[in-house]
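A look at the structure
Single-letter residue listing:
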Amino acid sequence: MNANHALEKLIAGNQRYVTGQLVHHHQSGGRMRAIATGQHPFAVILGCADSRVPPEIIFDHGLGDLFVIRVAGNILDDAILGSIEYAVEELGTSLVVVLGHERCGAVAATIKHAKISGHISTLLNAIQPAVDRAKNELGDLLDNAVRANIKLVVKQLKSSMPVAEFVQHDRLKVVGAQYNLDRGAVEIIA
Ligand SMILES: [Zn+2]
């Protein structure tokens with residue numbers, strides 16, 4: 001499936017979710033058995049771990065459809081890059097969506113310079129450049145930082161090898177999207 005078709009499928013699923021017309025695509029026992037011996041997910045979703053933003057539900061898809069990677073603040077690290085590369089190279093996925101969301105707690109904690117312990121600093125350090133960028137913009141700092149973080153992660157991903165090569169050779173499309181917690185809608189922003 002090409003990337004544009006994959007993106008259309010996600011947007012159509014999100015429309016069903018927003019309008020309350022869920023079809024619970026690919027969530028049956030039959031689907032489970034049909035894909036038991038192999039997967040060909042049509043999109044990678046790099047989303048936040050936030051409990052309110054589960055990709056299969058907000059895009060109205062199911063088993064075998066989405067290769068989902070979730071981490072607070074939808075940031076990148078080497079393990080996540082490896083997971084994305086695996087989906088593209090081994091599973092033939094042609095689309096990556098970096099999915100951030102309104103009022104992200106990880107971004108808010110970064111802005112607040114929250115007192116942190118343990119490994120949370122790894123998350124906040126990764127998000128800090130987006131907060132620095134958003135400080136120069138007009139409007140709500142948290143909202144701007146969430147968007148800046150999505151755009152920066154898209155940029156980092158597109159400039160990381162071998163993803164950069166996949167993009168260059170039209171094997172992969174990388175987009176950034178923001179989920180609206182109040183309406184349930186996903187907006188493509190990068
Ligand atoms: Zn979040």
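Observations regarding the overall build of the protein
The helix and strand inventory of the protein stands at 8 helices and 5 strands. Ordering the α and β elements of the protein from the N terminus gives α-α-β-α-β-α-β-α-α-α-α-β-β. A globule of 190 residues ought to have a C-alpha radius of gyration of about 16 Å, and the protein, at 17 Å, matches this closely. Overall, the C-alpha framework of the protein stretches about 50 × 40 × 30 Å when taken along its three principal axes.

Brief notes about the coordination of the zinc ion
Taken together, the protein ligands of the zinc ion are C48 (SG), H101 (NE2) and C104 (SG), with distances of 2.0 to 2.3 Å. Along the chain, the residues donating to the zinc ion are arranged with the sequence spacing C-x52-H-x2-C. With C48 in the loop between β1 (43-47) and α3 (55-58) and H101 in strand β3 (residues 95-101), this pair connects stretches of sequence that are 53 residues apart. For the pair formed by C48 and H101, the shared burial category is buried.

Some points on the packing of helix α5 (residues 105-112) against helix α7 (residues 141-158)
Packing of α5 against α7 leaves a shortest axis separation of 10 Å and a crossing angle of 115 degrees. Helix-helix and strand crossings are classified by hand; for α5 and α7 the assignment is right-handed. Between α5 and α7, the residues in contact are V107, A108 and I111 and L141, L142, A145, V146 and N149, respectively. For the contact of α5 with α7, the class distribution of residues is 7 nonpolar, 1 polar and no charged.

Remarks on the pairing of strand β4 (residues 173-179)
With 6 of its 7 residues buried, β4 lies for the most part within the structure. In this sheet, β4 lies alongside β3 in parallel orientation, the contact comprising 7 bridges. Within the sheet, the bridge partner assigned to V96 lies in β4 and is V174. Sheet topology places β4 next to strand β5 (residues 186-188); 3 bridges connect them, and they run antiparallel. Looking at β5, one finds that Y179 is bridged to V186. Hairpin connection from β4 to β5: 6 residues lie between these consecutive antiparallel strands, with G184 at a positive phi of about 85 degrees.

What about the packing of aromatic side chains?
In this structure the tally under the stated criterion is 1 aromatic pair. Between F67 and Y86, the ring centres sit 6.2 Å apart and the planes meet at 40 degrees, which makes this aromatic pair tilted. Highlighted residues: F67 in strand β2 (residues 66-70) and Y86 in helix α4 (residues 78-91), separated in sequence by 19 residues. Its guanidinium or amino end placed over the ring of F42, K9 lies 5.0 Å from that ring's centre, counting from NZ or CZ.

A few points about α4
Helical geometry note: an α-helix holds 3.6 residues per turn, so side chains three or four residues apart project in the same direction. Its 14 residues give α4 an end-to-end C-alpha distance of 19 Å, which sits within 8% of 20 Å, the value for a rise of 1.5 Å per residue. Between a side-chain oxygen at the N-terminus of α4 and the backbone nitrogen of A79 the separation is 3.0 Å; the capping residue is D77. Count one or two residues on from α4 and you reach G92, which has phi positive near 75 degrees.

Structural notes on α5
The set of residues buried in α5 consists of A106, V107, A109 and T110. Along the axis of α5, the buried residues cluster in a sector spanning 160 degrees; they form a single face. Buried residues in α5 make contact with α6 (120-134) and α7.

Scoring rules and cut-offs
Residues numbered from 1 in each chain as written. Predicted model: local features only at pLDDT ≥ 70, side-chain atom pairs only at ≥ 80, totals over all residues. Heavy atoms only, no water. Helix = DSSP H or I, 4+ residues; strand = E, 2+ residues; numbered from the N terminus. Rg over C-alpha atoms; globule rule 2.2 N^0.38 Å. Donors = N, O, S within 2.8 Å, 3.2 Å for Na, K, Ca; no water. Buried < 20%, exposed > 50% of the residue type's maximum accessible area, 1.4 Å probe, protein only. Axes fitted to C-alpha atoms, helices over the stretch in contact; angles between N-to-C directions. Left-handed = near helix turned anticlockwise from the far one by under 90°. Contact = heavy atoms within 4.5 Å. Nonpolar A, V, L, I, M, F, W, Y, C, P; charged D, E, K, R; others polar. Pairing = 2+ DSSP bridges. Phe/Tyr/Trp six-rings, centres within 6.5 Å; stacked < 30°, edge-to-face > 60°. Lys NZ or Arg CZ within 6 Å of the ring centre and 35° of its normal. Expected span 1.5 Å × (residues − 1). Polar contact = N/O pair within 3.5 Å; in protein donor to acceptor, adjacent residues only side chain to side chain. Arc of directions from axis to C-beta.

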